[in-house]
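The residues making up each chain are set out below.
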Amino acid sequence: MAENLLNFDAQQLADWFAEQGEKPFRARQVLRWIHKMGESDFAAMSDIANSLREKLQQQACVTAPVVQREELSTDGTRKWLLNVGTGNAVETVYIPEAERGTLCVSTQAGCALDCSFCSTGKQGFNRNLSTAEIVGQLWWANREIGKDANGNWPISNVVFMGMGEPLLNFNNTVSALRLMLDDNAYGLSRRRVTVSTSGIVPAMDRLREECPVALAVSLHAPNDALRDVLVPVNQKYPLRELLAACNRYLEKAPRDFITFEYVMLAGVNDSEKQARELVSLVRDVPCKFNLIPFNPIPQVQYQRSGSDAIRRFRDVLMQADIVTTTRKTRGDDIAGACGQLAGQVLDKTKRTRNLAGAGL
Ligand code: SAH
Ligand code: SF4
């Protein structure tokens, strides 16, 4: 079968070229064609020798996931449903803003972690996405939207906040990250690529060593008793360990703070008392908070906190000198807002197996 070159980061592509008896600079040229130019047709790679182009046409391909459906929000947000085979689909969301274009990518079909307020979690887990399926979301979205008047791709920022837990699909996530950062591919700054995790402590340590990028941690509760319920993986990696891992991460992170995400659930985690508890919890971690108004999903009864409650909660954090923003809800008319990505995941039976495989 033809080798899909979207699966390879720079080193892996060089290794594959070496196996074919080709020089490393050829791999670099092809990498640039694929990612910088968005080219999938080897015949069009004009500075590559004809013989190599023919060989690549026979042995390789550049194949991103197939788009099943596109939806456009009234606020300009675009959502694509991508077919990842065997009845599964995942979602990618593009959020245009004045100063930047952000792509929110998925890393798994479904998710095993079953956070109580998350639509993806309610789907169960099906499988990890390949590197091609992860980086292919960026490759495809750039091509679809097209370069701007200055010849730049529209996407300047990537957030791993779509479907799935990126750190439970570690190797493919890291290969995709390396491509996003590589000057011969997308050349994004480490500060503009953010991995969001529910708190997989050992994998946070690995990420720090192997490919440190900006880190967002889904906190959502000021104590273990509540977090155990909202984010069940907390039972495995409780807050004390998680916060210690955050500080270790900061030793090598491109930013000098962790972003804590905190979904605002009315009457559950949004009181001023809980805000004060949170302030003392994170006292020793340089951080910013991003409050996410809960986006309703069909399967659960939670309600979004009122705007007054969110403001009061934010004020408690701000008075403690913690920079706090409230996330604008974008694309909620197309179920493209945080936690609403559902895609389509058929096999829900693998949750336990994945947890076992992930060493959880
Ligand atoms: N698995 C990773 C990344 C994907 S989820 C993680 O959990 O961090 C991205 C963010 O959306 C997380 O902070 C998650 O808790 C939040 N989220 C999930 N469901 C949500 C919902 N219904 N409303 C608002 N935010 C939600
Ligand atoms: Fe998985 Fe993140 Fe959803 Fe939790 S919030 S179920 S970790 S995708």
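The structure presented is a predicted model; accordingly, all values stated were derived computationally and were not measured.

Draft legend 1. Main features of the domain arrangement of the chain. Partitioning the chain into domains gives domain 1 (3–61) and domain 2 (66–358). Taken together, both faces of the contact between domain 1 and domain 2 bury some 1,400 Å²; the carbon and sulfur share is 51%. The interface formed by domain 1 and domain 2 holds 0 salt bridges in total. The tally of links between domain 1 and domain 2 comes to 9 residue pairs in polar contact (both at pLDDT 80 or more). Elements supplying a minimum of two residues to the side of domain 1 that touches domain 2: helix H1 (10–19) and helix H2 (24–36). Top element by residues in the side of domain 1 that touches domain 2 is H2. It accounts for 6 residues. Classifying every residue of the side of domain 1 that touches domain 2 gives 6 nonpolar, 6 polar and 5 charged.

Draft legend 2. Inspection of the nonpolar core at higher detail. With 105 residues, the main nonpolar core has Leu 5, Leu 207, Phe 260 and Phe 289 as its most contacted residues. Here this core spans two domains, and each of domain 1 (3–61) and domain 2 (66–358) adds at least three residues to it.

Draft legend 3. Layout of the site of ligand 2. Inspection of the region around ligand 2 gives Cys 111, Leu 113, Asp 114, Cys 115, Cys 118, Gly 121, Gly 164 and Ser 198 as its neighbouring residues. Because more than half of its atoms lie within 2 Å of the grid, ligand 2 is assigned to the largest cavity. Residue composition of the shell around ligand 2, grouped by class: 4 nonpolar, 3 polar and 1 charged.

Draft legend 4. Structural view of the environment of Asn 223. Looking at where Asn 223 falls in the secondary structure, it is placed in the loop between strand S11 (214–218) and helix H8 (224–230). Given a relative accessible area of 24%, Asn 223 falls into the partly exposed group. Asn 223 sits 29 residues away from Thr 194 along the chain, and the two C-alpha atoms are 25 Å apart. Excluding its chain neighbours within four sequence positions, the residues that come into contact with Asn 223 are Leu 239 and Glu 277. A distance of 2.9 Å separates the side chain of Asn 223 from the backbone nitrogen of Leu 226, its partner in a polar contact.

Draft legend 5. Inspection of the site of ligand 1 at higher detail. In the region of ligand 1, 20 residues are neighbours, and Gly 164, Ser 196, Ser 218, His 220 and Asn 295 sit closest. In this structure, a nitrogen atom belonging to ligand 1 sits 2.9 Å away from a main-chain N or O atom of Gly 164. Contact distances for ligand 1 include 3.4 Å between a nitrogen atom and a side-chain N or O atom of Glu 165. Protein coverage of the free-state accessible area of ligand 1, which is 540 Å², stands at 95%. Mapping ligand 1 onto the cavity grids shows that it belongs to the largest cavity. Among the elements of the structure, strand S10 (193–197), strand S12 (258–264) and strand S13 (287–293) are those that each provide at least two residues to the shell around ligand 1. Tallied by class, residues from the shell around ligand 1 come to 9 nonpolar, 9 polar and 2 charged.

Reading the values: the criteria
Every chain is numbered on its own, with residues counted from 1 as its sequence reads. Numbering of ligands from 1 and lettering of chains from A proceed in the order in which they are written. Selection of residues for local features in this predicted model requires a pLDDT of at least 70, selection of side-chain atom pairs for listing and counting requires 80 or more, and totals for whole chains, interfaces and linings are taken over all residues. Here the side-chain values reflect all heavy atoms present in the structure, with hydrogen atoms and water set aside. By convention here, the domain bounds are inherited from an automatic or database domain assignment. When two components associate, each loses some accessible surface as probed by a 1.4 Å sphere; the sum of these losses over both components is called the buried area. Salt bridges are identified by distance alone: a Lys or Arg side-chain nitrogen within 4 Å of an Asp or Glu carboxyl oxygen. Polar contacts, as counted here, are pairs of nitrogen or oxygen atoms within 3.5 Å of one another; within protein the pair requires one atom able to donate a hydrogen and one able to accept it, and residues that are adjacent in sequence qualify only if both atoms are side-chain atoms. Runs of H or I in DSSP of at least four residues are treated as helices and runs of E of at least two as strands, each being numbered from the N terminus. Throughout this entry, Asp, Glu, Lys and Arg are counted as charged residues, while Ala, Val, Leu, Ile, Met, Phe, Trp, Tyr, Cys and Pro are counted as nonpolar. The remaining residues, Gly among them, count as polar. Take the buried residues of types Ala, Val, Leu, Ile, Met, Phe, Trp, Tyr and Cys, join any two whose side-chain atoms come within 4.5 Å, and each joined set is a nonpolar core. Classification of residues uses two cut-offs on accessible area relative to the type maximum, computed with a 1.4 Å probe and protein chains only: under 20% is buried, over 50% is exposed, and between them is partly exposed. If even one non-hydrogen atom of a residue comes within 4 Å of a molecule or strand, that residue is called near it. Of the two site types, the cavity is a set of points on a 1 Å grid over the protein atoms alone where a 1.4 Å probe fits but cannot get out, and the pocket is an open set with protein on both sides within 12 Å along at least five of seven lines, each lined by residues with an atom within 4 Å of a point. If over half the atoms of a molecule are within 2 Å of the grid points of a cavity or pocket, the molecule is regarded as sitting in it. Contacts were defined at the residue level, with two residues in contact if any of their heavy atoms lie within 4.5 Å. Here, Shrake-Rupley sampling with a 1.4 Å probe gives the accessible areas, and only protein chains in the shown set may cover a residue.

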